[in-house]
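Chain by chain, the residues run as shown.
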Amino acid sequence: MDATAQIDLSFIIPIAILAGLGFAAILTRDILRRDTGSDRMREITGAIQQGARAFLRRQYKTIAIIAAALAILFAVALGAQKGLLAGFETAGAFALGATFSALSGYIGMHIAIRSNVRSAAGSLKSFNDALVIALRGGAVSGLSIVSMSLAGVALLYYGYGALGSAINPTTFNDCITAGYTIALCTAKATEDSLILSIVGFGFGASLVALFAQLGGGIYTKAADVGADLVGKVEAGIPEDDPRNPAVVADLVGDNVGDCAGRGADLFESTAAENIGAMVLGVVLFPYFGIAGVIFPLVARSFGLVASIVGVFVVRAREDEAPMSALNRGYIVTSVLAAILFGVAAWAMLQPSTPTASGGLTWAYYWVCGIAGMVTAVVYVWVTQYYTEARYRPVRDIAKSSETGPATNIISGFAVGLEATAIPAVVVSIAILFSFWLGQSTGIPGGGIYGTAIATMGMLATAAYILAMDTFGPIVDNGAGIIEMAGMSEAARRNMDKLDAAGNTTKALTKGYAVGSAALAAFLLFNAFLSEARVKAVDLAHPETFIGGFMGAALVFLFTAFAIRAVGRAAWSIIKDVRDQFRENPGIMAGTVKPDYGRTVDICTRSALREMVVPGILAVATPLAVALIFRFVKITYVLNPVTSLLEPIPTGEPLGATLMVGTIAGVLMALVLNTGGGAWDNAKKFIEAGNLGGKGSPTHKAAVVGDTVGDPFKDTAGPSLHILVKLLSTITLVIAPLLV
């Protein structure tokens, strides 16, 4: 089959978007018709909803100011360098990405704060009802967010294409030099200009996601730490005890951190990696034409359809482990996505000229996609191994708690460090294998495109993974509501089982997000080199070495600021809870309700204040490196064509910042996410009646370890996924300024 015989599957894109949003609407209607339990359950839910909405309103106002300033800055800078139209198009894409990312976070939170009480009410009837309601609530978030990510990129691609795009002169000249026809080079250069104009969409999404995850993560962990230390450790009262003034703030935090923050996180992940793959698709334009550029959108559309099917097959027996039912849906999603991915590759990835792989080029790329899917499965399995109480790492941490908090912390940190090895090896194999397969097609640049296809394969199941992630905070809230409302022991057992599974699903989603960031790192790094016209990043050049140093330093400094922010915000909560206990003894006696609203407000103000510095640091560092080394020229190399000494490319130091920062960021995120998740489940393993159970010295030591792990896994770790992709998208946005 040649290019003229390619099957245009672009019609799948709007169908998948409408199907995703349509099924999300159907699930929403189903959830909202469910029972909401007792008056006390509804009262608690109302307080959670009020606190979550108030936080998001104030947070998004802060983010909007920062985003607007950056949109104007990029419009002016790119307009001066590349023309007014290019500046406005990039700024418009940035604004749309920021808006959709914010909306994704809101959707995730909005449905979660309605599903939690319904899942809790479902637990009064059966374990299956509680699980299905929670997963479908998560699926509303997953399907909506992935649909909007796909819609945003497609809207800009076809919208800007209809308006007409300028020709990228550098791309045109390179194409002519390579010996292609004027007509083909004109089309390729136009397509390149079009894709670059929508790169701002990924940056806007990344920026909002970073602040949403930072602010929400600081909020949720400050409330959690405050509630645990004063409630469990000092006052000796149970988790989610209604006498604890911080308990509602803690439940609010699950929504604004895990739902709103993670929703924005995976929205920007899918958007950034789609755009990066499309950039590399332009490189192969002479072979696949436009089909190679829009293939990532089609592949993602099929993945969305597969996720819809996966969600609807999940059911659980009353005596079944929750993860067994959830994993069954994941397997169905993965298998169906693999089949549909092959259909898309067969239809669209048929080269117009003969290649070394003959008529099997599409099959080579299909296997690249499957390699990405296998990588996702392995990451999910590895994360479960390191964070589930059934396995050795978590049990080792629990056992070490018998000798006190210090040994618990030592053991937990060691688990986090250990958990970097297998994921690093797995993603290395995936990159090598997909690059080799792509290169085996005989197409110049085919190896890099193979890694892009592998990344698309890994993201094919993103909607289902996000459904499992949002499932976590829904059942966490549901368990809290059941306990605070004093419901039956059977309902508590059902929700506790789901809550333990929710901890695992949240951990595996973080592992999945880190894995996609690691696999996409090579893709986005090469996309940057292509657009910045940098042939290689040579660390032997002092400017380049310094750029790499700054990338690694950014990761460590950002992590420090994020963790310290939780500590400072938590102190405000701890002080307020202690003050309320001291000022009103009736709270502990159970005769007077604590002032939940006061604690929520304190937590909100602290989180929003603390998120600004690390967020600005993440944006300012790559900009500073680019600006400084645009003017500071130290190293000169011999140009073999002109035989003259010339300064190294302006983009090379920034390329080192991106490369080293990405590697350090991925490994640090693995340490923080996995270590924090393992600490949490070690505590829950003890609370289940093992090693002394609740209230024992072993349990108190595990609570301290879990408290240390909280800002690791829910603030700094998830924010680092976004930092890695923010580095990629911001460097792609400013790449035209470096040429």
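Residues numbered from 1 in each chain as written. Predicted model: local features only at pLDDT ≥ 70, side-chain atom pairs only at ≥ 80, totals over all residues. Heavy atoms only, no water.

A. Examining the overall build of the protein more closely. Helices and strands together make up the secondary structure of the protein, namely 23 helices and two strands. At 25 Å, the protein has a C-alpha radius of gyration in line with the 27 Å of a compact globule built from 739 residues. Sorting the 739 residues of the protein into buried and exposed places 64% on the buried side. Long-range contacts, defined as pairs at least 24 residues apart, comprise 86% of the intrachain contacts of the protein with a sequence gap of at least 6. Each charge sign in the protein was given a centre, from 51 positive and 52 negative side chains, and these centres are 4 Å apart. (Helix = DSSP H or I, 4+ residues; strand = E, 2+ residues; numbered from the N terminus. Rg over C-alpha atoms; globule rule 2.2 N^0.38 Å. Buried < 20%, exposed > 50% of the residue type's maximum accessible area, 1.4 Å probe, protein only. Contact = heavy atoms within 4.5 Å. Lys, Arg positive; Asp, Glu negative; His and termini not counted. Charge placed at Lys NZ, Arg CZ, Asp CG, Glu CD.)

B. Molecular detail of the side chain of E610. Within the fold, E610 resides in helix 21 (residues 596–631). Those residues in contact with E610, other than ones at most four positions away along the chain, are I218, A565 and R568.

C. Molecular detail of the packing of helix 14 (residues 405–418) against helix 23 (residues 697–738). Between helix 14 and helix 23, whose axes approach to 8 Å, the crossing angle comes to 40 degrees. When the axes of helix 14 and helix 23 are compared, the pair comes out oblique. The way helix 14 lies across helix 23 gives a crossing that is right-handed. Facing helix 14, whose interface residues are P405, N408, I409 and F413, helix 23 presents A701, A702, V704, G705, V708 and F712. Among the residues forming the contact of helix 14 with helix 23, the class breakdown is eight nonpolar, two polar and no charged. (Axes fitted to C-alpha atoms, helices over the stretch in contact; angles between N-to-C directions. Parallel < 35°, antiparallel > 145°, perpendicular 65-115°, else oblique. Left-handed = near helix turned anticlockwise from the far one by under 90°. Nonpolar A, V, L, I, M, F, W, Y, C, P; charged D, E, K, R; others polar.)

D. Molecular detail of the packing of helix 8 (residues 247–283) against helix 18 (residues 489–532). Contact geometry of helix 8 with helix 18 gives a least axis separation of 9 Å together with a crossing angle of 30 degrees. Taken together, the axes of helix 8 and helix 18 lie roughly parallel to each other. Crossing of helix 8 against helix 18: the hand is left-handed. Here the contact of helix 8 with helix 18 is built from residues that sort into twelve nonpolar, five polar and seven charged.

E. Structural context of the packing of aromatic side chains. A full pass over the atoms with the stated rule returns 17 aromatic pairs. Where F100 meets F201, the ring centres are 6.4 Å apart and the plane angle is 80 degrees; that geometry is what we call edge-to-face. You can see F100 sitting in helix 3 (residues 84–123) and its partner F201 sitting in helix 7 (residues 199–235), a full 101 residues away along the chain. F100 gets classed as buried once you look at its relative accessible area, which sits at 17%. F201 sits in the buried class, given a relative accessible area of 0%. The interplanar angle of 70 degrees and the centroid separation of 5.8 Å between the aromatic rings of W679 and F712 together place this pair among those described as edge-to-face. Placement of W679 in helix 22 (residues 652–687) and of F712 in helix 23 is noted, with a sequence separation of 33 residues between them. One exposure class covers both W679 and F712, and it is buried. Put simply, the rings of W381, Y385, Y386 and Y391 pair up and form one aromatic cluster. Positioned over the ring face of F127 is K497, at 4.0 Å from the centre of the ring. (Phe/Tyr/Trp six-rings, centres within 6.5 Å; stacked < 30°, edge-to-face > 60°. Lys NZ or Arg CZ within 6 Å of the ring centre and 35° of its normal.)

Without other data, these values stay purely geometric and don't point to any function.
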